[in-house]
Structure formats: structure tokens, C-alpha cells
Amino acid sequence: MRKHNRSRSPFRVVAGLVTAGILIAGVAGCAPTSTGSGDAASGGPEGTDDGTTLTLWTRAPLEKQAKLLVDAYNGSHENQVELTVVPNDDYVAKVGAAAGSNSLPDLFAADIVYVPNWVQQGLFQDLSTSIDGLSFKDSINQGHLSAGTYEGKEHVLPFVLDLSMLFWNKDLFEQAGLDPEKAPATMEEFADAAKAVQALNLPDTYGTATGFNCGGCEVFTWFPSIWASGDEVMNAEGTESLLNGDNAKEIYATWKDLWDSGAVLPSSKDEAGPTWTAGFTDGKVGLMFYPATLLSSTPFDVGVAGIPGVDGGASTFVGGDGIGISKDSTHSPQAWNFLNWMMSEDAQVGVLAKDSDATSRSDLADNEYSSKDPRLITINEVAGNGDTPVAINFQQAFNAPNSPWLTLIRNAVLGDGTTVDADNDEITAVLQQ
Amino acid sequence: MSTPILARTAPPPPRRRVGTPLTGWLYAAPTAIFVALLFVLPLLVVGKMSISDWPLLGGDKGINFPDNFVSAVNNRFFLDSVVFTLKYTVLATILLIALGLGLALLVQESTRWKGLLRTAFLIPSALGLASASLLFYVLYSPLAGPFAELSKATGFTFLGTPDAALWSTLFLIVWRYAGFYMLLMLVGLQGIPDDVYEAARIDGASRWQTFTGITLPLLRPTLALTTILCVTGSLLAFEQFYILTKGGPDNSTITVVQLIYNVAFQGQNDLGVAGALSVLVLIALVIINIGQLRAFRPADED
């Protein structure tokens, strides 16, 4: 072998830097932000409809509703909205990168649980003047409206309401000897019904299903059980977790019992969200806590009720997305034209209710479509008892893939169930960061 | 990192003056601009981030020097992710180097199936890592995968337990990269002159003696290259875990880069702390690479 010399250390440091740095550099690329211009109210209460092209971002779970709304708007207005649908998991990163480089779209929707944080970070324009000018302001869903209110100023309107409801497969209920017209009224009845369907021993068919690796799914479907039992999940400021109450522990125990007895779809254990509703939609699951937005795409006969608590009651998670005008938009009056139309009866009833979705305005809850389908009335009624939790660190504490909330439920349901108090403290610690 | 093979085949060109110093600068400019724009600049931005209070959605809010590093080290997954990344790196490196060398020897020895084998081992390398991960995501899926029935019958899931998830991911990595490392090893093997082997045969050396006494020592530069590539690549593992496990089950498979990504984009949304973590990783990698280059330095160089 031939010897070869070269100056050692500097070369190696540089080589090391080159090898190491390139991948890491990918995280970079954001610049400081500045506040955009434009006042949404300057175009009058209706906004401006002058043929401007508006951009709108939303996340994939609400794609169907967003498309319907955008198509209906584009068909009846000069302005044209270009819709971009982003995969759920990438949405925060995409919005964050765009916010850093001042390139947010004119309009963008946000998971309502992130809205308080995003409003506080100044991503949305103040819409107070325009929203206060709406004659039906008091009937707009209060949970969404207050999530977008910061220092007394309203920034966000409800885009699509997604309510968690108890859905049951009437056919499987009938086969299992249960009353297909009667909803399980307590967590215990829920568990009994799941076990009854499981006992049918049909191939690939299970009592219930959920997503034990999906923090958002469990927030969406288990918080209502706690509310329906009369407890809270957090203090009012969203800085202390109250998920270790007696009722909460009872609910975890019910789920643990269901899991241990084999009445839960096995893939629920690793389900991280993308397919958590698939089993029910395929008719392979007896009953589950399920997003109401999927009512119209569930192909068979289902019953719908509020999510029960330990001793009865009914509640729901008023989730879904809020929408506002971004700080970077230079077409605020035109964007307001879309929002104003979105809140109108044409959009709420003519598009959303027609698609079997909940309306964001309580004065439109009774409409020609809901009178045809009593399930829609149930959904709209329960929506009134529902809740939207507010916390600045909500994503990190609950929705993130490594959130302490996931640790809590996995320990409580899949583990031995003895660490709820300690895990609850961990959630509080993250909420207080 | 140049290999001695290059050093041997390229005789030093005679020094000649071509044009003025300006021409020299012009020749160097394209590379210099690329390096400055794509490497130095991002590196400086990360450095700036690491010492600034920089929320993802809020932008730069001024200097926040030691705090970011304190939060980075105190992150509840910091230690776990370092331990897991090291464990994964050791396993991946041993598997890939051993298999790469083994496959290269196999392909070199076999004359009849040479072309077929070489192509078969190399084909997975033509697939991007993210695409390969998605492919295996479906393959491993207990719902839609081809082994779904088996999973149902036995209760075993590929990604369901920490150990299963680690080995399932390692299998993907071996499948994806073994051919690539085989290729590097082949190049190294072909660089060993035949006359050395001939001399060994004349001396009556056994196969094993030839392997340990000739192949391995003469392959040292190639082994250095492959080990450094493999260690650095594994320490920066991200896509495969991001797609296959998302750090789960129960936060058992969080790698360091994934932790950086999570801090930056999934929850904490704090680019400052993420930048601090990146800087720590960068320093660690520089130290590890210096150590490796030292360790693989030919014994007679001193």
C-alpha cells in the first residue's frame, strides 16, 4: 500500500462537518416574520367580490367538506378560491414554515385545538369589526368563536364542525340481540354492547375500535365521556390536567376491561390515526365513538347518539377546524367575502347540512335536511352540550405522537393501569411549559 | 474522503501556470457559491437559531443563549433518544458491513450467477428510502399487509412492540442498503491486486488465512469508508422511523433527528431548542467522525 500524506486535523474537521451538516441544514430556512396588511372590514360587511384568486389551506380529514364549500363558492362568485389539502401530520410544519417566510395563504383552517396558540402567535388577522357586524353572531358556535378570541378580539370563524358521536351499526346490533333503535346510555352499557357484538364471533368483526396510538383520536372521543360524567379535563386556564379523577379512572378501567376481553379491534393498539375509523366504515365494528363528519360517507344504517359518561349523560367534542384570514394576506376584503358567504344560510344549509354535516350556526340547526334525518337533529342538539378545550400547549400535551396523554392512556389501558396519577402530572408539566 | 484507490490511479499532474489568479477564482466560484449557499449559510442560520428564542410560528424573538441548550438536554426524550440512536447505529453498522462484505465475496466468487446476484442485491438501492419505508409500512400493516392473516392468527405485529419495531426497521434498512454496501465492498475487493492472492496461493495459504491476512487488511480503506458512511447515516436516521413507527410504540424508537423534528414541528414548535439539539448532534458527529478516521488510519502511517 502506498502511503499518502495530507494535512490531517483541518481536513478531518471539514470532512466531519460536511458529512454531518447537510442533513441538519434541512431544519433551517425560516426568516423573521412581519405583520401583513389589509383590513377585512374595508370591503364592507359583504367583503369584495372582484375576481381575485384566493388561496385556502386545510388539512386532509376535512377535505370533503372543504371541497364542497369551495366548489359552491367558486360556482357563484367572481372570486375564485384555490384549495390546497395538506396531510394531517404535515399541516403544522407547513403552516409554521409558511408563517416564518411570510407566505401563508389568504385563508387557512386550523384544528380548533391549535387555534388559541396560533391566534396568540399572530397568524390570523383581527376580524372583530366584520364578525361583530354579523346579525347572527350570537348563534355562531361559541366554542369555536371563543377559541379564536384573544385579548377580546375575534380572529376565527368555524369552518367545519366535527363532533364526536357514538355511532352504532344497526345490523350488527340486531344480530347481537340488542335494540337497534336504542343507544347505550352509560359507559357500562357501551361496554356490554361491544361485548355482545364480539360474542357473535363473526369473522374479522369486533365490538368496538379506537386508536391507542393517536392522541387526537382519544382526546376527541374520551374527553366527552369525562364531560358527560360531570367532570372537567383541565382547569379553565388549560394549565393543569384533571385527567386522574374518579370518573376518568372508571372510563380507563372500562376500556381496559374491553381490551382485555378482546372486544376491541386488535389493530387499535398501534393505530396512529390514518385508519382509525376504517373498521367501522367497513361494517366490521359494532359501535364506536366516531366523527360525525363521516355520517354521510358511512354506507349502511347507523344509529347516532351523544357520547355517554360513566352514569349516563351525553357530550361531544366540538372539534373540527376554525378558519381565518392569514397575517400575510393582501386580499383581506376578498377573503372576508368568502368567510361571510361561508356563514350564510346558502353555505350552512345548502352545502353543509345537505352533506349531513353539522351547521356552525345554531339558528340553522333545524333545516330542511335535518328534518328528514333525525340523526342530524341529535347531532345538532348534542353539539349544544359539547365542549372545546382550550390550552396553549394543547398539541404538545395531547396530539403529538409522543405526548404524555398517549403515555397515560396506553399505560392505563394496555398496561397495568396503576400509573394514571403520575402520568397525569406529566401532562400538567407539559401544559405549564 | 478520498480513497487510496483514487490516489493511486490519479498521478499528480505537473504543476503548470494557467491564466491569472482571477481565472483560478472563477474556476472555484461555482463550487464556492454552492457551498456558501447550501451549506455555510444554513449552518449559520442553525447556529443563530440555537442561541435565539425562536418559536416556529412566531419567528426570531432575540437571544436566548444557554436556555435553549438547557431545555434541549432536559427534554424528557433526550437521553432515551441518544441511547436508542446509538443502539440502532451499532446494530445497523454491524449488520450492513458484515452483510455487504459477505455479499460482495459471494458475488465475486460465484461466476455463473454473478450478474443476476449483483443486480438482485443492488435493485433495492434504486428505491428512495422514504418510498421503501412506505412499502414496508404496508407490508407490516396488520390491517392491509400480506401478513395480516398471520398477524391475526398469532397476535404478532411487526411494529407492535419496541423490539419488533426496531428489528422490523433494521430489516428494511438491510434490505435497502445491503446492495449499496456490497457495491462499495466490490470496488474495494477489485482494487486488491491478483498477484497478492497468487503469492498467497503459492505459499499454500488456506481460504481463511487469505481472508484474514490479505483481504481484510488490504480492504481497510474501503472498510473505513463504509463504516463512516454507515455510522453517520445511522446516527442521522429519520425517514424510516418517521414513516414506520413515528417514534412508537410507547416512544421506544425516537431517534435524535426525530426528536429534533418533533421539537420543531410536532408540539413544542420551538426552532430554538431544535436548533440547539442540531448543534449538539453536529458536534457529536464531528467528534465521532474524527475518532473513526483516527481509528482507521493505516497502522504504518505514523
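Residues numbered from 1 in each chain as written. Chains lettered and ligands numbered in written order. Predicted model: local features only at pLDDT ≥ 70, side-chain atom pairs only at ≥ 80, totals over all residues.

Chemist: In this structure, what is going on with the overall build of chain A? I would like to understand it.
Modeler: For chain A, the count of helices and strands is 17 helices and 11 strands. Over its C-alpha atoms, taken along the principal directions, chain A stretches across nearly 75 × 75 × 40 Å. Across the 433 residues that make up chain A, the buried fraction comes to 54%. In chain A, once contacts between residues fewer than 6 apart in sequence are set aside, the share between residues at least 24 apart is 78%. (Helix = DSSP H or I, 4+ residues; strand = E, 2+ residues; numbered from the N terminus. Buried ≥ 20, exposed ≤ 12 C-beta atoms within 10 Å, placed from the backbone. Contact = placed C-beta atoms within 7 Å.)

Chemist: How should I be thinking about the overall build of chain B in this particular structure?
Modeler: Each helix and strand counted, chain B has 14 helices and 0 strands in total. Starting at the N terminus, the α and β elements of chain B follow one another as α-α-α-α-α-α-α-α-α-α-α-α-α-α. Buried positions account for 34% of the 302 residues belonging to chain B. Counting contacts in chain B only where the partners sit at least 6 residues apart, residues at least 24 apart contribute 72% of the total.

Chemist: I would appreciate a short explanation of the confidence of the model for chain A in the present structure.
Modeler: As a general rule, the predicted coordinates of low-pLDDT regions are not to be interpreted in detail. Looking at chain A, pLDDT values average 87 and 91% of them are 70 or higher. Within the model, the stretch residues 1-37 of chain A combines pLDDT values under 50 with 70 contacts to residues more than four positions away or in other chains. (pLDDT = per-residue confidence, 0-100.)

Chemist: Explain unusual backbone geometry here, please?
Modeler: Most peptide bonds are trans, and most residues other than glycine sit at a negative phi. Residue and element names in this part refer to chain A. Phi is positive for N102, which is not a glycine, with a value near 55°. Along the chain, the position of N102 falls in the loop between α3 (91-100) and β3 (107-111). On the basis of neighbour counts, which here come to 16 C-beta atoms within 10 Å, the residue N102 falls in the partly exposed class. With a phi close to 60°, N201 is a non-glycine residue in the positive phi region. Structurally, N201 is set in the loop between α8 (187-198) and α9 (215-228).

Chemist: Is there a simple way to explain the pairing of strand β1 (residues 53-59) of chain A in this structure?
Modeler: Remember that side chains alternate between the two faces of the sheet whenever the strand is regular. All names here are of chain A. Within β1, 5 of the 7 residues are buried, leaving the element largely enclosed by the surrounding structure. Strand direction decides the pairing type here: β1 and strand β2 (residues 80-86), joined by 7 bridges, are parallel. Paired with L54 across the strands is V81, a residue of β2. Handedness of the crossover joining β1 and β2 through helix α2 (residues 63-76) is recorded here as right-handed. (Pairing = 2+ DSSP bridges. Right-handed = clockwise from strand over helix to strand, strands pointing away.)

Chemist: Hey, could you run me through the environment of F180 of chain B in this one?
Modeler: With respect to the element layout, F180 of chain B can be found in helix α8 (residues 162-190). Sequence-wise, F180 of chain B and G100 of chain B are 80 residues apart; in three dimensions their C-alpha atoms are separated by 7.7 Å.

Chemist: Sorry if this is basic, but what is going on with the packing of helix α4 (residues 78-109) of chain B against α8 of chain B here?
Modeler: Between two packed helices, both the angle of their axes relative to each other and the distance between the axes serve to describe the pair. Residue and element names in this part refer to chain B. Interaxial distance between α4 and α8 falls to 7 Å at its minimum, and their mutual angle equals 45°. By the criterion of interaxial angle, the relationship of α4 to α8 is oblique. The handedness of the crossing between α4 and α8 is right-handed. Residue composition of the contact of α4 with α8, grouped by class: 23 nonpolar, 2 polar and no charged. (Axes fitted to C-alpha atoms, helices over the stretch in contact; angles between N-to-C directions. Parallel < 35°, antiparallel > 145°, perpendicular 65-115°, else oblique. Left-handed = near helix turned anticlockwise from the far one by under 90°. Nonpolar A, V, L, I, M, F, W, Y, C, P; charged D, E, K, R; others polar.)

Chemist: Any chance you could explain helix α17 (residues 420-431) of chain A here in plain terms?
Modeler: An α-helical turn contains 3.6 residues, so a residue and the one three or four places further along point in the same direction. All names here are of chain A. A rise of 1.5 Å per residue sets the reference length of α17, with its 12 residues, at 16 Å; its end C-alpha atoms lie 16 Å apart and thus fit the reference within 8%. Every buried residue belonging to α17 is among D423, N424, I427, V430 and L431, and all of these are buried. On an axial view of α17, the arc spanned by its buried residues comes to 115°, and they lie on one face. Turning to α17, the residues buried within the fold contact α15 (394-399) and α16 (404-414). (Expected span 1.5 Å × (residues − 1). Arc of directions from axis to C-beta.)

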